[in-house]
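Each chain is listed here by its residues.
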Amino acid sequence: MDELEVADAAEERMAYAPAVPTRAQRSDQRVVEFEIDVIEGECVVDPTNNVSTLMWGFRIGGDAATSCGSPGPTLRARVGDLARITVNNLAGNVHPHNIDFHAVTGQGGGAEGTTVPPGESATINCRLLYPGAFMYHCAFGDVPEHIAHGMYGMFIIDPETPLPDVDHEWTIMQSEWYLGEPNEDGVAEFDRDRLELEHPTYVTFNGRTDALVDDNALQMEVGERARFYMVNEGLNLTSNFHPIGSHWDVVYPEAATHPVNRVIRGSQSTLVVAGGGTVTELIAQVPSTVILVDHALVRVFYKGCIGMVVISGEENALFSVGDDGLSAAAESEPVVAAVGDPNTVNMPAGAYDPANAATAYTPAVLSVAVGTTVTWINNDSVFHTITSGTSNGTTATPDGLFDSDQVQPGESFEYTFDEEGTFDYHCTPHPWMKAQVEVTA
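What you see is a predicted model, and the numbers here were worked out from it, not measured in a lab.

Bringing the overall build of the chain into the picture now. Summing up its helical and strand segments, the chain has 4 helices and 28 strands in all. At 24 Å, the chain has a C-alpha radius of gyration in line with the 22 Å of a compact globule built from 441 residues. On the principal axes, the C-alpha backbone points of the chain span a range of 75 × 65 × 35 Å. Taking all 441 residues of the chain together, 52% fall into the buried category. In the chain, once contacts between residues fewer than 6 apart in sequence are set aside, the share between residues at least 24 apart is 72%. Counting every atom, the chain has about 19300 Å² of accessible surface; 48% of that belongs to carbon and sulfur.

All chains considered together, the criterion is met by 17 salt bridges. Put simply, Arg 30 and Asp 28 hold a salt bridge, and the shortest N to O gap is 2.9 Å. Here Glu 169 and Arg 76 are joined by a salt bridge, their closest N and O atoms 3.0 Å apart. Pair noted here: Glu 169 is in strand S10 (residues 168-177) and Arg 76 is in strand S4 (residues 74-78), with a separation of 93 residues, a long-range link. When salt bridges that share partners are traced, they join Arg 76, Asp 158, Glu 169, Arg 225, Arg 227, Asp 249 and Glu 281 into one network.

What is meant by a disulfide is a covalent connection between two cysteines, made through their sulfur atoms. For the structure shown, the criterion picks out 1 disulfide. Sulfur-sulfur distance for the disulfide between Cys 43 and Cys 68 comes to 2.0 Å. Taking the torsion about the S-S bond as the criterion, the Cys 43 to Cys 68 disulfide, at about -105 degrees, is left-handed. Of this pair, Cys 43 sits in strand S2 (residues 31-46) while Cys 68 sits in the loop between strand S3 (51-60) and S4, placing them 25 residues apart in sequence.

Let us look at the sheet that holds strand S9 (residues 152-158). Sheet architecture is open: 5 strands sit in the order S1-S4-S9-S8-S6, paired in mixed fashion. Edge positions in the sheet fall to strand S1 (14-15) and strand S6 (100-101), since each has one partner strand and no second. Sheet analysis places strand S8 (residues 132-137) next to S9, joined by 6 bridges and oriented antiparallel. Residue pairing for S9: Gly 132 is matched across the bridge by Ile 157.

Let's shift gears to the sheet that holds S3. Reading across the sheet, the 4 strands line up as S3-S2-S5-S7 and stay open at both edges, with mixed pairing between neighbours. The two strands at the open ends of the sheet, each matched to only one other strand, are S3 and strand S7 (121-127). Taking the axes of each pair of neighbouring strands and ignoring which way they run, one obtains an average angle of 20 degrees across the sheet. Pairing between S2 and strand S5 (residues 82-89): 8 bridges, direction parallel. Looking at S5, one finds that Ile 36 is bridged to Val 87.

Time to look at the pairing of S4. Among the 5 residues in S4, 5 count as buried, and that is most of the element. Side chains Thr 74, Arg 76 and Arg 78 project from S4 onto one buried face, and the interleaved Leu 75 and Ala 77 project onto a second face that is buried too. Two elements, S1 and S4, share 2 bridges in a ladder whose sense is antiparallel. Opposite Ala 15, over in S4, you have Thr 74 as the bridge partner. Judged from the 5 bridges that link them, S4 and S9 form a sheet pairing that is parallel. Along S9, the bridge assignment pairs Arg 78 with Asp 158.

The rules behind these values
Residues numbered from 1 in each chain as written. Predicted model: local features only at pLDDT ≥ 70, side-chain atom pairs only at ≥ 80, totals over all residues. Heavy atoms only, no water. Helix = DSSP H or I, 4+ residues; strand = E, 2+ residues; numbered from the N terminus. Rg over C-alpha atoms; globule rule 2.2 N^0.38 Å. Buried < 20%, exposed > 50% of the residue type's maximum accessible area, 1.4 Å probe, protein only. Contact = heavy atoms within 4.5 Å. Areas by Shrake-Rupley, 256 points an atom, 1.4 Å probe, with all protein chains shown as cover. Salt bridge = Lys/Arg side-chain N within 4 Å of Asp/Glu carboxyl O. Disulfide = S-S within 2.5 Å. Pairing = 2+ DSSP bridges. Axes fitted to C-alpha atoms, helices over the stretch in contact; angles between N-to-C directions.

Right under this line is the structure:
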């Protein structure tokens, strides 16, 4: 620990779902400090039916404004960091608690070292060895009972080379509530029989039936890309994570974001085991409301496992209803490069699809003389970037020479090459799109 600097206190390391702490803008390993309070109290789980229950959970240390701790805050650090984690079991609580961090290598994921009765605190120090999105949970005493009361959260560990930037990052935690019939005040008590039968009363995203719907729905614009860090807190059911009305453009299976692992593209649903996670990405292709579900649909229609992503923006030719929409789509003419223009690169329709990677920038290698201005035209249905630097098809590394930012459909970008050399470039949200410009005297 003495050999590592303490990370800047200004780094945002903890946030409440669906927010994600901002990734640390550094490339070295440091000591990162976290403080977590254990809280117990009565909280709402189903506001539509006015149902509440006794929840045990976690909050950011010292955050007196937060009285409901399920799910607990999302923690974030960088692989190789040394995490110093302090757990405070507040004096007003009734039960001992601890935390088992799936991101931690050590006895019980730190559970033994963080076991504290009410009114006491404990601290562990742990090196973060693997990147990904990991569950944490209470593992004291009757572990299923503690998890079933809401004691869980997420710890995101960024890889050494960060995942490509996206427009939005969100956290989603699926969990189960095992409750009996509510009393006249709407309070439902923990039901052990339901727990042991694995028959939950509710299955929720982020701890409540309304956490990601209506006024709490997630918001995107056409052309944007969002990344979802999803953990299935369980404690019993496997999740079948699906976006109704779209696809997972990218899936990092099991939330294992180590660069040697292969991603999946164009998935309809991805399996998330209890106590496991996934990282998925969604492109906002057309104006619509994408419905996030566990596709074991009884959990959606009868138990509350639903979220919404509201996509705003102009309609486009990817989707239409009726012949009028089809005619309008057929009449729209793409912006194309002038015939015979040798200094133009086209991004054709479907360039965003990994299957079309070889022609995503056409030509893939453009040869020009020093002093030439090259024009890129986006004839695709989603935005792209023209960003200098290399890409291995999954992870891109910008070098800062040029960057178009978002080039929307029908728009263009120009750059003048004043030096000889071979210049690699790529699309930031679609790193399989990559090409070169060769500049000669």
